[in-house]
Amino acid sequence: MTRASTTPQSDRSAQSIRDARRRRRRSALVVVTTVLVATALFTVSLTGLVGTDEAGRWVVFAAAALIAVFGTFAVHRTATAHHSEWPFGVANLVTLARGVLVAWVAGFLLVAWAARGGVVAWLPGLLYGAAAALDAVDGTLARRLGRETALGARLDMAYDAFGLFVAPLVAAAAGQVPWWYLSVGVARYVFVAGIRLRRYRGLAVADLPPRTSRRVLAGLQMAFVAVALTPVVSPAAGRVGAALFGGALLAGFARDWLYVSGRLVERTRPEGESDGDADESLAD
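Residues numbered from 1 in each chain as written. Predicted model: local features only at pLDDT ≥ 70, side-chain atom pairs only at ≥ 80, totals over all residues. Heavy atoms only, no water.

With that settled, the discussion passes to the overall build of the protein. A tally of helices and strands in the protein yields 9 helices and 2 strands. Element order for the protein, N to C, with α for helix and β for strand: α-α-α-α-α-α-α-α-α-β-β. When the 284 residues of the protein are sorted by exposure, 38% land in the buried category. The long-range share in the protein, meaning contacts at least 24 apart out of those at least 6 apart in sequence, stands at 75%. Approximately 15800 Å² of the protein is accessible, and the part contributed by carbon and sulfur atoms is 64%. (Helix = DSSP H or I, 4+ residues; strand = E, 2+ residues; numbered from the N terminus. Buried < 20%, exposed > 50% of the residue type's maximum accessible area, 1.4 Å probe, protein only. Contact = heavy atoms within 4.5 Å. Areas by Shrake-Rupley, 256 points an atom, 1.4 Å probe, with all protein chains shown as cover.)

Take a look at the structure:
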């Protein structure tokens with residue numbers, strides 16, 4: 001038997017795939033190198049402010065968080081590889097930058113930033129505030145450039161959740177918010193795990209009705225945490241803010257769980273009725 005010869009078209013296609021893979025690898029190397037250099041420069045600057053010991057602790061936790069950030073990127077990139085999307089577009093890089101900023105916030109977990117005062121006391125809040133502000137930038141960029149991707153949508157949610165876990169943890173460790181407020185950061189993970197458990201058990205999972213309030217509550221949460229990570233907020237004010245903002249978000253998750261579990265049903269709206277007029281009822 002003779003081996004079937006390949007056509008020029010198939011050769012060009014195979015070469016195109018190899019070229020695309022090389023481009024992705026080169027781009028990934030540039031991105032990782034840039035983040036490592038930026039982290040090293042930040043470490044040097046921080047050492048001059050807090051000393052070698054605390055800067056060393058910052059590096060340990062920031063590095064662990066960076067591994068989580070890049071691991072999340074890799075996992076979601078693999079899950080969306082079939083979309084044939086370029087993973088290193090401008091919008092996705094902005095989203096990745098958000099994750100890096102959150103990782104730098106994580107580095108302050110065992111640094112006495114709140115007690116030091118001066119510039120150091122403002123760094124966690126400024127870093128997380130920048131990450132929260134960029135949350136409004138990456139989506140806008142993707143839409144304006146026509147580069148909305150499945151990877152970008154996944155990363156956006158993943159880094160939002162990661163930030164709302166890491167930043168409250170750093171704030172709680174410094175005494176800026178009560179420890180129970182960490183439930184806000186865990187809520188989304190528990191919610192997603194609960195949905196997966198229902199599916200695993202063969203139970204029905206209803207779709208969530210659209211609600212702009214979810215995005216609003218998440219945005220308010222980010223703003224509160226960013227401010228709580230600064231000297232502006234006293235521990236007493238942090239407790240009040242945690243109760244108001246955290247309580248509202250947790251109540252929203254509880255309501256959404258009633259939806260996905262089928263216990264709360266949104267009645268069909270007549271044509272022309274607004275979202276605010278939607279009627280809800282508990283299922284029998």
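So, on to the nonpolar core. Proteins that are soluble and globular tend to have nonpolar side chains buried together. Counting 52 residues, the largest nonpolar core has Phe42, Trp58, Phe108, Tyr128, Val170, Val225 and Leu229 as the members making the most contacts within it. Only helix H1 (8-50), helix H2 (52-79), helix H3 (90-106), helix H5 (118-145), helix H6 (150-173), helix H7 (182-200), helix H8 (212-228) and helix H9 (235-260) provide two or more residues apiece to this core. If you tally residues by element for this core, the top one is H6, at 10 residues. Not counting residues within four places of it along the chain, the set of residues in contact with Val170 comprises Val105, Ala106, Phe108, Leu109, Trp113 and Leu229. (Core = buried A, V, L, I, M, F, W, Y, C linked by side-chain atoms within 4.5 Å.)

To describe a pair of aromatic rings, you give the distance between the ring centres and the angle between the ring planes. According to the stated counting rule, one finds 10 aromatic pairs in the structure shown. Taken together, a centroid distance of 5.0 Å and an interplanar angle of 35° make the contact between Phe42 and Trp58 tilted. Here Phe42, found in helix H1, pairs with Trp58, found in helix H2; they are 16 residues apart in sequence, far enough to count as distant. A single burial state applies to Phe42 and to Trp58, both of which are buried. (Phe/Tyr/Trp six-rings, centres within 6.5 Å; stacked < 30°, edge-to-face > 60°.)

Running from amino to carboxyl end, H3 crosses H5 at an angle of 170°, the nearest separation of the two axes being 8 Å. Classed by the angle they form, the pair H3 and H5 counts as roughly antiparallel. Note that H3 runs across H5; the crossing there is left-handed. The residues of H5 that touch H3, namely those facing Val90, Ala91, Val94, Thr95, Arg98, Leu101, Val102, Trp104 and Val105, are Pro124, Leu127, Tyr128, Ala130, Ala131, Leu134, Asp135, Val137, Asp138, Leu141, Ala142 and Leu145. (Axes fitted to C-alpha atoms, helices over the stretch in contact; angles between N-to-C directions. Parallel < 35°, antiparallel > 145°, perpendicular 65-115°, else oblique. Left-handed = near helix turned anticlockwise from the far one by under 90°.)

Along the chain, the position of Asp160 falls in helix H6. Beyond its immediate sequence surroundings of up to four residues, Asp160 is in contact with Arg98, Asp135, Arg215 and Met222.

With that settled, consider the confidence of the model for the protein. Per-residue confidence for the protein averages 87 on the pLDDT scale, and 86% of its residues sit at or above 70. Taking the mean pLDDT of every element in the protein, the minimum, 45, falls on strand S2 (residues 280-282) and the maximum, 96, on H3. (pLDDT = per-residue confidence, 0-100.)

Attention now goes to the environment of Thr43. Considering the arrangement of structural elements, one finds Thr43 in helix H1. Distance in space between the C-alpha atoms of Thr43 and Trp104 is 9.8 Å, their sequence separation being 61 residues. For Thr43, the contacting residues outside a window of four places in its chain are Trp58 and Val59. Reaching out from Thr43, the side chain makes a polar contact with the backbone oxygen of Thr39 at a distance of 2.7 Å. (Polar contact = N/O pair within 3.5 Å; in protein donor to acceptor, adjacent residues only side chain to side chain.)

A few words now on the environment of Trp180. Inspection of the secondary structure puts Trp180 in the loop between H6 and H7. In sequence terms Trp180 and Ala242 are 62 residues apart; their C-alpha atoms lie 8.9 Å from each other. Beyond its immediate sequence surroundings of up to four residues, Trp180 is in contact with Ala242, Ala243 and Leu250.

The contact between H5 and H6 brings their axes to 11 Å, and the two run at 160°. By the angle between their directions, the pair H5 and H6 is classed as roughly antiparallel. As H5 runs across H6, the sense of the crossing is left-handed. Facing H5, whose interface residues are Tyr128, Asp135 and Asp138, H6 presents Asp156, Asp160, Gly163, Leu164 and Ala167. For the contact of H5 with H6, the class distribution of residues is 3 nonpolar, 1 polar and 4 charged. (Nonpolar A, V, L, I, M, F, W, Y, C, P; charged D, E, K, R; others polar.)

This part takes up the side chain of Gln176. By the element assignment, Gln176 lies in the loop between H6 and H7. Of note is the side chain of Gln176, whose polar atom sits 2.9 Å from the backbone oxygen of Ala228. Here the side chain of Gln176 touches Val233 through a polar contact of 2.9 Å, landing on its backbone oxygen.

One pass over the full model with this rule turns up 11 salt bridges. Here Glu54 and Arg116 are joined by a salt bridge, their closest N and O atoms 2.6 Å apart. Linking Glu54 in helix H2 with Arg116 in helix H4 (residues 113-116), this pair joins segments that are 62 residues apart in sequence. Here Glu54 falls in the buried class, since its relative accessible area comes to 9%. Residue Arg116 is classed as partly exposed on the basis of its relative accessible area, which comes to 40%. (Salt bridge = Lys/Arg side-chain N within 4 Å of Asp/Glu carboxyl O.)

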